[in-house]
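Coordinate analysis (summary)
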Amino acid sequence: MILEGGKILSSKLLAEKFKCTHEVAVYIVTIGSDLEKRVAELGVRDLYRSFILDNIGTYALRQVFEYMRKDFGPNNSERISKISPGVSTYWGIEQQKIIFDFLGKEKVRESVGVILNEHYVMVPKKSVSGVMGDTINLFHECQICEKNCEYRKAPFSGK
Ligand code: SF4
């Protein structure tokens, strides 16, 4: 996928899912680092609460994304799909760097406080990046992910 300015996101999955889409949004969203700090504090003395709070953080991050999705495609939000680097083998985690380069890593750090470490992992942890756009038929990354995961949104439908 060639972005405005010429940067290239290399993924067969992106190419296939967004092949009929002329407009996509490249995004980084986060709920910040406060919850993460609290999770770590609680983890020392109350693992159960720490676990619950961590899950609330994951849920909150998903809600932020849902809000963004409706904003991006108010008339067809049910067809707006997202794909994130590193979630499946179909798009490598190292491509996070292209997203940060495209959006401007300094701008991202100043505006939302997210940085990318040397392992291409975002800090704070409760952050997500990716590309979203109209895929005509809603696509969930869970459809190509075999993990046994409590956050699954769609059944595995094969590779
Ligand atoms: S099954 Fe879980 S890990 Fe896999 S894509 Fe879905 S939410 Fe992510």
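Below: a short report on this structure. (Residues numbered from 1 in each chain as written. Predicted model: local features only at pLDDT ≥ 70, side-chain atom pairs only at ≥ 80, totals over all residues.)

Here we take up the site of the ligand. What surrounds the ligand is the set Val87, Glu141, Cys142, Cys145, Lys147, Cys149, Tyr151 and Arg152. A breakdown of the residues in the shell around the ligand according to their chemical character gives 5 nonpolar, no polar and 3 charged. (Near = placed C-beta within 6 Å. Nonpolar A, V, L, I, M, F, W, Y, C, P; charged D, E, K, R; others polar.)

Let us now look at helix α4 (residues 96-103). Inspection of α4 places Gln96, Ile99 and Phe100 among the buried residues, and these make up the whole buried set. Buried residues of α4, seen end-on, are gathered within an arc of 95° and therefore sit on one face of the element. Packed against the buried residues of α4 are β1 (24-30), α5 (105-112), β3 (115-116) and β5 (127-134). Backbone geometry just after α4 places Gly104 at a positive phi near 90°. (Buried ≥ 20, exposed ≤ 12 C-beta atoms within 10 Å, placed from the backbone. Helix = DSSP H or I, 4+ residues; strand = E, 2+ residues; numbered from the N terminus. Arc of directions from axis to C-beta. Contact = placed C-beta atoms within 7 Å.)

Bringing the packing of α4 against α5 into the picture now. Each pair of packed helices can be described by the angle between their axes along with the distance between the axes. α5 packs onto α4 with a crossing angle of 80° between their chain directions and a minimal axis gap of 6 Å. One element, α4, and the other, α5, form an angle in the roughly perpendicular class. Here α4 contributes Phe100, Asp101 and Leu103 to the contact with α5, which in turn contributes Lys105, Lys107 and Val108. Classifying every residue of the contact of α4 with α5 by side-chain character gives 3 nonpolar, no polar and 3 charged. (Axes fitted to C-alpha atoms, helices over the stretch in contact; angles between N-to-C directions. Parallel < 35°, antiparallel > 145°, perpendicular 65-115°, else oblique.)

Attention shifts here to unusual backbone geometry. Note: most residues except glycine have negative phi, and most peptide bonds are trans. For the peptide bond that leads from Val123 to Pro124, omega is 0°, which places it in the cis range. As for its placement among the helices and strands, Pro124 is situated in the loop between β4 (122-123) and β5. Of note, the phi angle at Tyr120 is positive, near 65°, even though the residue is not glycine. Along the chain, Tyr120 falls in the loop between β3 and β4. With 16 C-beta atoms counted inside 10 Å, the residue Tyr120 sits in the partly exposed group.

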